[in-house]
Amino acid sequence: MKPARSPERPDEPASPGCSPPAPAEEIPPGRGTASKILEVVPISAPRPLSAALYTEARQHMPGGVSSPVRAFAAVGGEPLVFASGVGPWITDVDGHAYLDLVGSWGPLILGHAHPEVVEAVCQAARQGLSFGATCPAEIELAREIRGAFPTMDLVRLVSSGTEATMSALRLARGFTGRTGLVKFEGCYHGHSDGLLVKAGSGATTFGTPDSAGVPAEVACHTVTLPYNDADALERILASRGPDIAAVILEPVAGNMGLIPPSEGFLQRVRDLTRQHAVLLVFDEVMTGFRLAFGGAQERYGILPDLTCLGKIVGGGMPIGAYGGRRDIMERVAPLGPVYQAGTLSGNPLSVAAGLTTLRLLRQKPEIYQHLEEIGARLEAGLQQSARRHGVPVRMQRVASMLTWFFTDRPIRNLSEARTCDTRAFGRFFHGMLERGVYLPPSQFEAAFLSAALGEAEVERLLEAVDGTLAEMARS
Ligand SMILES: Cc1ncc(COP(=O)(O)O)c(C=O)c1O
C-alpha cells in the first residue's frame with residue numbers, strides 16, 4: 001500500500017475558500033469528506049516537487065522550516081511540503097494523500113478544513129480581520145471556555161500556547177510574590193526563557209538552560225523534576241516551598257511521547273502545592289478539549305489554580321488562553337499590576353474558528369466516544385501485529401493522544417522514554433509514510449486522532465501498522 005494520489009481536486013485548496021456562504025455540510029464523527037480518496041488507486045511516485053520546494057525553503061528559512069520538529073531531524077529524510085488537507089487526509093504538493101495523525105500538532109480534532117469552521121472564518125473575515133478591541137465572538141469564546149473549565153473564573157485570550165504559559169507564570173509570580181518555578185522533565189510548555197530548562201546532574205538541581213540564548217540567571221529559577229515523581233516534589237517543596245510561586249505540568253504528558261500520570265500523581269501534586277501555598281498550573285494546551293471537553297482536569301477530577309490552553313481552542317488558527325481563580329486573575333492588567341498584552345489577542349478570525357470548533361464538540365459529545373473507540377481499536381490492533389511479528393513496540397494512549405514506543409516496558413518519564421529504540425521508530429515512521437500515513441516525525445511526540453477518521457480509515461491504519469511491522473521484522 002502506497003500513498004494515494006488524489007485526482008479529486010489535486011490543484012484546488014481543500015477548503016471551500018472564501019466564497020459566498022453556502023449551507024455547511026453536516027459531517028458526523030468518522031465520516032470525513034475525503035473517504036472518497038480511498039477509492040483511488042495508490043501509486044508509488046517519488047516526491048520531486050516536495051524535494052525542490054524544500055531545497056528552495058532552505059534558502060530562505062532556517063532549516064527550511066518555521067518550527068524545528070518539522071525538519072525530520074529525528075527520523076531522517078526530507079520533510080514533505082503539503083498543499084491541502086480535508087477531513088482525515090493531508091495531501092503533499094506531489095499529489096499524494098496521507099492519513100494525518102499529526103493534525104497540525106493537535107488543534108485539528110475535527111479533521112482538516114471542517115466546513116463549518118472554514119465557513120465561520122470566512123464570514124468573520126468579511127467583517128474585518130482585526131479590530132484591536134473587544135468583539136462579540138471573543139466574549140462568546142470566553143464564555144464557552146469557562147463553561148468547559150469551571151476552574152477558569154476569568155479568561156485572558158492570547159495568540160499562542162507559549163504566550164499562555166509564559167503569562168500564567170508571570171501572574172503566578174506577581175500573585176505570590178515568589179520567584180521559583182517547578183516544572184517536570186520532558187514537559188514542554190512553549191519556548192519562553194524560564195521554561196526551556198532541563199535538570200542538572202541531580203533531579204532537584206536548579207535548572208541550566210536547554211537552549212543557547214537563555215541567560216543562566218533566568219534558568220536558575222526553574223527547578224526540574226522527573227515526571228510522575230511526587231516524592232521529589234515533596235522534597236523540593238519541603239526545602240524551598242517559600243521560594244516557589246508555581247508548579248506547572250502537562251497533566252498528561254505529550255511532549256516526550258505520550259506519558260499518562262501514574263495513579264495518584266496528580267492528586268499528590270495538588271495536595272502538596274496546596275499545603276505549601278504554591279499555585280498549581282495545568283498546561284492543557286494539548287489536553288484541553290481533547291481528553292474530554294473539560295480537558296485533563298475533567299477526566300481526572302483534579303482542579304488547578306490556573307489553566308493554560310491553546311491548539312483546539314483556536315480550531316486550527318493561532319490562539320492561546322489562560323485563566324483561573326478570580327482572585328488570581330484579578331491581578332492581571334488592567335485590573336491589577338501584572339502586565340500582559342497582545343495586538344492580535346482575541347482577533348475575530350481565530351475566535352471564529354475556535355468558537356465553532358468548541359460548539360461542535362459541546363453539541364456532539366459522541367465525538368469523544370468515537371475517538372475513544374478508534375483509539376482502543378488501534379491499540380488492540382498494534383498489540384496483535386507486534387505479537388505476530390515479534391517486534392517490541394507498545395502503544396501508550398490516553399483518549400485520542402498516543403505514541404508508539406519501541407520498547408517492551410511501560411514508559412513513565414523522560415529517562416525511560418530515552419531508553420526506547422529511536423532508530424526503530426524512524427523505520428516505523430518511514431514505513432508508515434510509504435503506506436500513506438503521516439505520523440509525528442519523532443519518537444518524543446504524541447500522535448493525535450481526529451473525529452474525521454472513519455471505519456475505512458481505521459482499517460487502513462491497521463493494515464499500514466501490520467505491513468510496516470512485518471517489514472521491520474524481516475529486515
Ligand atoms: C503542552 C504544551 N504547552 C505549550 C505549547 C506551546 O504552544 P505554541 O506552540 O502554541 O506556542 C505546546 C506546543 O506544542 C504544548 O504542547
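What you are looking at is a predicted structure, and each value in this text was computed from that prediction instead of being measured. (Residues numbered from 1 in each chain as written. Predicted model: local features only at pLDDT ≥ 70, side-chain atom pairs only at ≥ 80, totals over all residues.)

J.: Break down the site of the ligand for me, citing the residues and quoting the values.
T.: Inspection of the region around the ligand gives 16 residues, with Ser160, Gly161, Thr162, Gly190 and Val285 positioned closest. Looking at which element gives the most residues to the shell around the ligand, the answer is helix 4 (residues 161–176), with three residues. (Near = placed C-beta within 6 Å. Helix = DSSP H or I, 4+ residues; strand = E, 2+ residues; numbered from the N terminus.)

J.: Can you tell me about the environment of Ala464, naming the residues and giving the values?
T.: Looking at the element boundaries, Ala464 is found in helix 14 (residues 455–474). For the pair Ala464 and Phe428, spaced 36 residues apart in sequence, the C-alpha to C-alpha distance is 10.0 Å.

J.: Talk me through the nonpolar core; I want residue IDs and the actual numbers.
T.: With 135 residues, the main nonpolar core has Ile145, Ala172, Ala246, Val247, Val281, Ala321 and Val437 as its most contacted residues. If you count residues domain by domain, this core takes at least three from each of domain 1 (4–100 + 365–474) and domain 2 (118–363). Apart from the residues lying within four places of it in its own chain, the contact partners of Ile145 are Met152, Val155, Leu309, Val313 and Ala321. In this structure, Leu195, Leu196, Val197 and Val214 belong to the second largest nonpolar core, which totals five residues. (Core = buried A, V, L, I, M, F, W, Y, C linked by C-beta atoms within 7 Å. Buried ≥ 20, exposed ≤ 12 C-beta atoms within 10 Å, placed from the backbone. Domains from an automatic or database assignment. Contact = placed C-beta atoms within 7 Å.)

J.: Before we move on, could you go through unusual backbone geometry and cite the residues and values that matter?
T.: With omega at 10°, the peptide bond leading from Ala333 into Pro334 counts as cis. Mapped onto the elements, Pro334 comes out in the loop between helix 9 (326–329) and helix 10 (348–363). Although it is not a glycine, Phe72 adopts a positive phi angle of roughly 65°. Its location among the elements puts Phe72 in the loop between helix 1 (48–60) and strand 2 (82–86). Here Lys311, not a glycine, exhibits a phi torsion of approximately 50°, which is positive.

J.: Talk me through the pairing of strand 13 (residues 320–324); I want residue IDs and the actual numbers.
T.: For strand 13, a buried count of five out of five residues is recorded, marking the element as mostly surrounded by other parts of the structure. Neither face of strand 13 is left uncovered, since the one carrying Gly320, Tyr322 and Gly324 and the one carrying Ala321 and Gly323 both have all their residues buried. Of the strand pairs in this sheet, strand 5 (residues 154–158) and strand 13 are connected by five bridges, and their pairing is antiparallel. Counterpart to Arg156 in the pairing with strand 13 is Tyr322. (Pairing = 2+ DSSP bridges.)

J.: Help me get a handle on the sheet that holds strand 15 (residues 401–405), residues and values and all.
T.: The strands that make up a sheet pair up through hydrogen bonds in the backbone, lying either parallel or antiparallel. Strand order in this open sheet of three strands is 14-15-17, and the pairing throughout is antiparallel. Strands with a single pairing partner mark the edges of an open sheet, and in this sheet they are strand 14 (394–398) and strand 17 (447–448). When strand 15 meets strand 17, the two strands line up antiparallel, connected through two bridges. Within strand 17, the position partnered with Leu402 by the bridge is Ala447. Those strands touched by helix 11 (residues 366–389) are strand 14 and strand 15, and its axis lies near 165° from that of strand 14. (Axes fitted to C-alpha atoms, helices over the stretch in contact; angles between N-to-C directions.)

J.: Before we move on, could you go through the sheet that holds strand 5 and cite the residues and values that matter?
T.: With mixed pairing, the seven strands of this open sheet are ordered in space as 5-13-12-11-10-6-9. Looking at which strands have only one partner, the edges of the open sheet turn out to be strand 5 and strand 9 (222–225). Along the sheet, successive strands turn relative to each other by an average axial angle of 20°, direction set aside. Sheet topology note: the strand 6 (residues 180–184)/strand 10 (residues 244–249) ladder contains three bridges and is parallel. Bridge assignment links Gly180 to a residue of strand 10, and that residue is Ile244. Packing against the sheet, helix 6 (residues 230–240) makes contact with strand 6, strand 9 and strand 10, and its axis sits at approximately 155° to strand 9. Each of strand 10 and strand 11 (279–283) touches helix 7 (residues 265–275); the most contacted strand, strand 11, lies at about 145° to it.

Distances and angles like these do not, on their own, reveal function.
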